[in-house]
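# Chains, contacts and geometry: an overview
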Amino acid sequence: MDLLALADFTLVARHGGFGKAARAAARPKATLSRRVSELEASLDLRLFERGQRDLKLTEEGRALFERAGQLLTELEETAVAIASGGERPRGRLRVSAPLLFCQTAMGKLAADFAIRYPEVRLEVTSEDRPVDMIEEGFDLVIRVNPDPDDSLIGRPFLRDRLVVVAAPSLPRPAEGEATPAVVRAPGDRAPWVVKSSSGPLAITIEPVLSLSSLIMIRDAVRSGVGAARLPISLVSHDLAAGALAHWGDVDAADIALWTLYPTRRLLSARVSAFLDCLKSAFPNGTPDELAAYIGR
C-alpha cells in the first residue's frame, strides 16, 4: 500500500473535504483527489461518498481512517523520537475533561504540565457530553464512570463519593418530613438514600433550586437555602471548618474518574507524560488527595 496516498486520504478525511485539506496542507486539490482515487482503486473500495457539495466517509472509509490515523501518528512519533535521540514529548495534546474537574483542578494540572513539558502545546476542553475521540481529534478524555468502549483503553485515576450536606442553620428533617433541597435536574424529587448505622435511610426532599453546576450548588447550600448531594472532595474543607454539616454518605457506588485513549500498541509520549502528571498529582487516587489538591 502507498503510505503517501494513505496519508493524503487521512488528511482529506480529517478536514472533511478536498478543498479544506488542500488549503490546510498548501497542496493542490487535484493532487489530493487523484491520490485518494488511486488508493480506492488499489484497495478496490469506495472510501468516500461524493456529493455535489459534501464528502462523507463510507463505512469502509471510516474504519480505515480510524486505524490509519493511529498508525501514521505512531510512525511519525517514532521517526521523531529516533531523530531526536529519545521519546521527548512534543507537539499538540488535546484533552477533554468534565466541567467540575476542570473548574477545580485542571488549571493547576495544566500549568504544571506546561512547565514540565514546554514542547507540548496542551489544549483542554471542558465538557460533560460524550465525545468521538477520532472524529473530534482528542488524544485523551477524562470522564466520570464511563460506559465500556472496546475501541478505548481506560483506567481510573481518582475516586470520590457523594455526601448529603447542609448549612448548620438548616435543621435536619424528622423522619417523613421533607427538607428544602438544591438539585441539578429540574423535577428531581426522588428521596436521597444515605447510609446509617441501622441501614439505609431515605431523606424526603422538596426542591427549591435547580442549578446545573455543582459549584453553584455548593455556594447555594452554604447560604442555607437547602441541602444537597455533593462530592466529598468539593465540601471537605467546609465540613472541617464547620461551614457545612454532614447529613450522611449517599448509599451509592463511588464516583470514579477515568482516563480514556484510543487503543494502540504504541502510546504517544505526550499522552504518557500527561498520565504520569495525573499519577504524580494523585498517587493513591483518593477523595482526600483531590480535596487537598483543590485546597492548595
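So, here's what we can say about the structure. (Residues numbered from 1 in each chain as written. Predicted model: local features only at pLDDT ≥ 70, side-chain atom pairs only at ≥ 80, totals over all residues. Heavy atoms only, no water.)

The next subject is the side chain of Thr104. With respect to the secondary-structure elements, Thr104 resides in helix H5 (residues 99-116). Of the polar contacts made by the side chain of Thr104, one reaches the backbone oxygen of Leu100; its length is 2.8 Å. If sequence neighbours within four positions are ignored, Thr104 has contacts with Ile215, Leu234 and Ile294. (Helix = DSSP H or I, 4+ residues; strand = E, 2+ residues; numbered from the N terminus. Polar contact = N/O pair within 3.5 Å; in protein donor to acceptor, adjacent residues only side chain to side chain. Contact = heavy atoms within 4.5 Å.)

We now examine the packing of H5 against helix H10 (residues 287-295). Between H5 and H10, the shortest axis-to-axis distance is 10 Å and the interhelical angle comes to 75°. On the basis of the axis angle, H5 is roughly perpendicular to H10. Listed contacts from H10 to Phe101, Thr104, Ala105, Lys108, Leu109 and Asp112 of H5 are Leu290, Tyr293 and Ile294. Looking at the contact of H5 with H10 residue by residue, the classes come out as six nonpolar, one polar and two charged. (Axes fitted to C-alpha atoms, helices over the stretch in contact; angles between N-to-C directions. Parallel < 35°, antiparallel > 145°, perpendicular 65-115°, else oblique. Nonpolar A, V, L, I, M, F, W, Y, C, P; charged D, E, K, R; others polar.)

To continue, consider the side chain of Ser233. Tracing the sequence through the fold places Ser233 in helix H8 (residues 232-241). Accessibility expressed as a relative area gives 4% for Ser233, which makes it buried. There is a polar contact of 2.4 Å between the side chain of Ser233 and the side chain of Asp160. Sequence-distant contacts of Ser233, defined by excluding residues within four places in its chain, comprise Asp160, Pro287, Leu290, Ala291 and Ile294. (Buried < 20%, exposed > 50% of the residue type's maximum accessible area, 1.4 Å probe, protein only.)

Moving on: a nonpolar patch on the surface. Judged by side-chain polarity, Val208, Leu209 and Val225 come together as a nonpolar surface patch covering roughly 190 Å² of accessible area. Position of Val225 relative to the elements: it lies in the loop between helix H7 (214-222) and strand S12 (228-231). Among the residues examined, Val225 registers a relative accessible area of 31% and is labelled partly exposed. (Patch = residues over 30% accessible without salt bridge, like charges linked within 9 Å, V, L, I, M, F, W, Y side chains within 5 Å. Areas by Shrake-Rupley, 256 points an atom, 1.4 Å probe, with all protein chains shown as cover. Salt bridge = Lys/Arg side-chain N within 4 Å of Asp/Glu carboxyl O.)

Another point: the packing of aromatic side chains. The geometry of two aromatic rings is summed up by the distance between their centres and the angle between their planes. Within the structure shown, the criterion is met by eight aromatic pairs. For the pair Phe101 and Phe157, a centre-to-centre distance of 5.8 Å together with 75° between the ring planes defines the contact as edge-to-face. Taken together, the residues span a long stretch of sequence, with Phe101 in helix H5 and Phe157 in strand S6 (residues 152-160) at a distance of 56 residues. On the basis of relative accessible area, Phe157 is assigned to the buried category, the value being 12%. One aromatic cluster is present, built from ring pairs that chain together Phe101, Phe157, Phe282 and Tyr293. (Phe/Tyr/Trp six-rings, centres within 6.5 Å; stacked < 30°, edge-to-face > 60°.)

Attention shifts here to the nonpolar core. Counting residues in each nonpolar core, the largest one holds 28 residues, and the members touching the most others are Phe101, Leu109, Ile142, Phe274 and Phe282. Elements that contribute at least two residues to this core include exactly strand S3 (91-97), H5, strand S5 (140-144), S6, strand S14 (255-262), helix H9 (269-281) and H10. Residues within four places of Ile142 in sequence aside, it is in contact with Ser96, Ala97, Pro98, Phe101, Met106, Phe157, Leu257, Trp258, Thr259, Phe274 and Leu278. In this structure, Leu11, Phe18, Ala21 and Leu55 belong to the second largest nonpolar core, which totals 20 residues. (Core = buried A, V, L, I, M, F, W, Y, C linked by side-chain atoms within 4.5 Å.)

Along the chain, the position of Leu278 falls in helix H9. Excluding anything up to four places from it in sequence, Leu278 contacts Leu109, Ile142, Phe157 and Thr259.

Ordered by their spatial adjacency, five strands build an open sheet running S4-S3-S5-S14-S6, and the pairing between neighbours is mixed. Edge positions in the open sheet fall to strand S4 (120-126) and S6, since each of these has one partner strand only. The mean inter-strand angle of the sheet, taken between neighbouring strand axes irrespective of direction, is 20°. The sheet contact formed by S3 and S4 spans seven bridges and is parallel. Looking at the pairing, Gly91 lines up with Val120 of S4. Set on the sheet, H5 makes contact with S3, S4, S5, S6 and S14; between it and S4 the angle comes to about 175°. (Pairing = 2+ DSSP bridges.)

Each strand in a sheet pairs with another by means of backbone hydrogen bonds, the pair being arranged parallel or else antiparallel. Taking strand neighbours across the sheet as the criterion, the three strands line up as S12-S7-S13 in an open arrangement whose pairing is antiparallel. Looking at the sheet topology across the chains shown, the edges are occupied by S12 and strand S13 (245-249). Between one strand and the next, the sheet's axes are offset by a mean angle of 40°, whatever the strand orientation. Direction of pairing for strand S7 (residues 162-166) relative to S13: antiparallel, over a ladder of four bridges.

Spatial relationships are all this shows, so hold off on functional conclusions.
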